Amino acid sequence: MCKNMPPLELAIQFHGHICPGLLIGVRAAELAQKQLGIEQDNDEELVAIVENDNCSVDAIQAILGCTFGKGNLIFKDYGKNVWTIISRQSGKALRIAQRFGSTAGPASERFRALNGKHDLTDEEAGEKEMLIGELFEKIMSMPAEDLFTWQQVAVKIPDRATIRKTVRCDRCGEGVMETRTISRDGQTLCPECQMN
Amino acid sequence: MCEANVYINRASGEELLMEKVDRIVPGEDQTVFLENIFGERKVVKARIREMELVHHRVVLDEIREESHTVHEEIWLEPSTDHGHFHEGEQVRLKLFKGSNMKPGHHAHFADLKAFVAGSGGVKELHFHDHHGSCELVLGEENDGLLQLWAEENENGQRRLASVLVEVGHHHHHALKPAGLDLEIFPTDYSHARMGESYEIQVLQQGKPLAGVEVRATFAGTHQKDYPHRLTTNEEGKVRLFLTSRGNYLFSVSVDDLTSTFTLVKSF
């Protein structure tokens, strides 16, 4: 990469497209960086606890570097636009919550309706483009105070991800993390073979 | 009133727009959002004329889109996929003719001239035909910022196109307008990023031009007409929030002269 990619571009490249959910995640990630004085994670200096699995989480992964693969992205399936970012170095944790209704409005509703539709007409594609432009400016220009509430919270800092031993499943022969196996009739089975 | 039928007054007369509407929200930009009990939604450009609550009837007046004159214009785009060239790379640009960043079919160019201003002063360039495209080839350029412009004269219509081309990275030095008869010039060229505002100034004979319409568009837009129309303030300036990746085009017309500026972005 010959130019430093701005956070927004990192998120778009990771996610694949621009949408309001991603932009909210961009704002949340940038707020966390500012409030905690943190840079992008390299090797689990940060942990993100996310309470949803929507588009915003891709911005958290791309900008903060808290990723599914590194094990420093913890998903709690609460269906809430809440992200708690923890810095291991400072021991600080910031809980950011989107204000209810902060991006609601006709443009948002219409965008959702068009987004859920497959074969858009040319007019609808044009309308969707204008709506995303309108929402884009609104979300990126809105004062953080209007978009989110945030506070430092006391949390137990999760342990760093552990690399477990891989063993062979006696039925399928594939490798499986030892802690995910069970022993049945003297055989070591992976979760898939346990069910079949 | 539980729900209502919504009618709209169009030029052709009144027509039923949506039945059993249970939610009407006036939006920004003269829009009205409608939702009915079946979950159908519509956004129309209209204003509410009348609400007959007893008869469960709402009447809107359609706001008709203004029809705009199509200005044929020329614009320059660098032949690079990431917004700038590297030192030692061959700097090439294409000239297009059309409107709203959509080139016309079989565009014909008449009486063309092109110039480049860089560290070595201003020099004239020559266009080449490259597989049917009108192309400028500068060759290998040193690290720096190049200011290019082209001019076409066709049957009394004058068309200007200008662009700034970056060779290398991070050029933040101040730039001066080229001094064109009608010129669009960025007030701070180095900050052009999606998700941020970008400001340009319109100059006529080097002086700020207030109250003139600036059309703005971006590569790949789905809009048939320019998605943005802005009016310059007393300093001849307008700001646009950039919501698209890739290049933007700003365009302005005064009498028989149309001038464009291509904003080339890395992101």
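Here we summarise the structure given alongside this text. (Residues numbered from 1 in each chain as written. Chains lettered and ligands numbered in written order. Predicted model: local features only at pLDDT ≥ 70, side-chain atom pairs only at ≥ 80, totals over all residues. Heavy atoms only, no water.)

If you tally the helices and strands in chain B, you get zero helices and 22 strands. Radius of gyration (C-alpha) of chain B: 23 Å, far over the 18 Å computed for a compact globule of 267 residues. Structurally, chain B occupies a C-alpha span of about 75 × 40 × 40 Å along its principal axes. The 267 residues of chain B split such that 48% are buried. The contacts in chain B between residues at least 6 apart in sequence include a share of 53% that link residues at least 24 apart. (Helix = DSSP H or I, 4+ residues; strand = E, 2+ residues; numbered from the N terminus. Rg over C-alpha atoms; globule rule 2.2 N^0.38 Å. Buried < 20%, exposed > 50% of the residue type's maximum accessible area, 1.4 Å probe, protein only. Contact = heavy atoms within 4.5 Å.)

Before going further, it helps to examine the sheet that holds strand β1 (residues 4-10) of chain B. By definition, the strands of a sheet pair up through backbone hydrogen bonds, in either a parallel or an antiparallel sense. Residues and elements named next belong to chain B. Here five strands make up a closed barrel; going around it, the order is β1-β2-β3-β4-β5 and the pairing mixed. Geometrically, the sheet is characterised by an average inter-axis angle of 60° between neighbouring strands, direction not taken into account. Where strand β4 (residues 41-52) lies against strand β5 (residues 57-62), six bridges are found, and the strand directions are antiparallel. Residue pairing for β5: Met-51 is matched across the bridge by Val-58. (Pairing = 2+ DSSP bridges. Axes fitted to C-alpha atoms, helices over the stretch in contact; angles between N-to-C directions.)

Turning to a nonpolar patch on the surface, a few remarks are in order. On the surface, B:Ile48, B:Met51 and B:Leu53 cluster together into a nonpolar patch covering about 280 Å² of accessible area. When you line up the elements, B:Met51 lands in strand β4. (Patch = residues over 30% accessible without salt bridge, like charges linked within 9 Å, V, L, I, M, F, W, Y side chains within 5 Å. Areas by Shrake-Rupley, 256 points an atom, 1.4 Å probe, with all protein chains shown as cover. Salt bridge = Lys/Arg side-chain N within 4 Å of Asp/Glu carboxyl O.)

Tracing the backbone shows B:Thr221 in the loop between β18 (213-218) and β19 (228-231). A polar contact of 3.0 Å, which involves the side chain of B:Thr221, links it to the backbone nitrogen of B:Gln223. (Polar contact = N/O pair within 3.5 Å; in protein donor to acceptor, adjacent residues only side chain to side chain.)

Here we come to the pattern of salt bridges. Residues and elements named next belong to chain B. For the structure shown, the criterion picks out 29 salt bridges over all chains. With its nearest N and O atoms 2.9 Å apart, the salt bridge here joins Asp-61 to Arg-49. One end of the pair, Asp-61, is in strand β5; the other, Arg-49, is in strand β4, and twelve residues separate them in sequence. Among the salt bridges present, the one from Glu-235 reaches Lys-237, with a minimum N-O distance of 3.9 Å. Each of the salt bridges in this network shares a partner with another, and the network as a whole consists of Glu-72, Lys-97, Glu-152, Glu-154 and Arg-159.

A general trend in soluble globular proteins is that nonpolar side chains are found buried together. Core analysis: the largest hydrophobic core is formed by 37 residues, its most contacted members being A:Leu8, A:Ile60, A:Leu64, A:Trp83, A:Ile85, A:Ile96 and A:Phe148. Only α1 (7-15), α2 (20-36), β1 (46-50), α3 (56-64), β3 (82-87), β4 (93-98), α5 (122-141) and α6 (144-147) of chain A provide two or more residues apiece to this core. Sort the elements by how many residues they give to this core and α2(A) lands first, with nine residues. By size, the runner-up hydrophobic cluster in this structure holds 29 residues, among which are B:Ala117, B:Leu240, B:Tyr248 and B:Phe250. (Core = buried A, V, L, I, M, F, W, Y, C linked by side-chain atoms within 4.5 Å.)

Within this structure, the stated rule accounts for six aromatic pairs over all chains. Note on A:Trp83 and A:Phe148: the rings are 5.8 Å apart at their centroids and 90° apart in plane angle, and the pair reads as edge-to-face. One end of the pair, A:Trp83, is in strand β3; the other, A:Phe148, is in strand β5 (residues 148-152), and 65 residues separate them in sequence. Residues A:Trp83 and A:Phe148 agree in their burial class; the two are buried. Over the ring of B:Tyr7 we find B:Arg57, and its NZ or CZ is 4.7 Å from the ring centre. When the ring centre of B:Tyr226 is taken as origin, the NZ or CZ atom of B:Arg215, which lies over that ring, is 5.7 Å away. (Phe/Tyr/Trp six-rings, centres within 6.5 Å; stacked < 30°, edge-to-face > 60°. Lys NZ or Arg CZ within 6 Å of the ring centre and 35° of its normal.)

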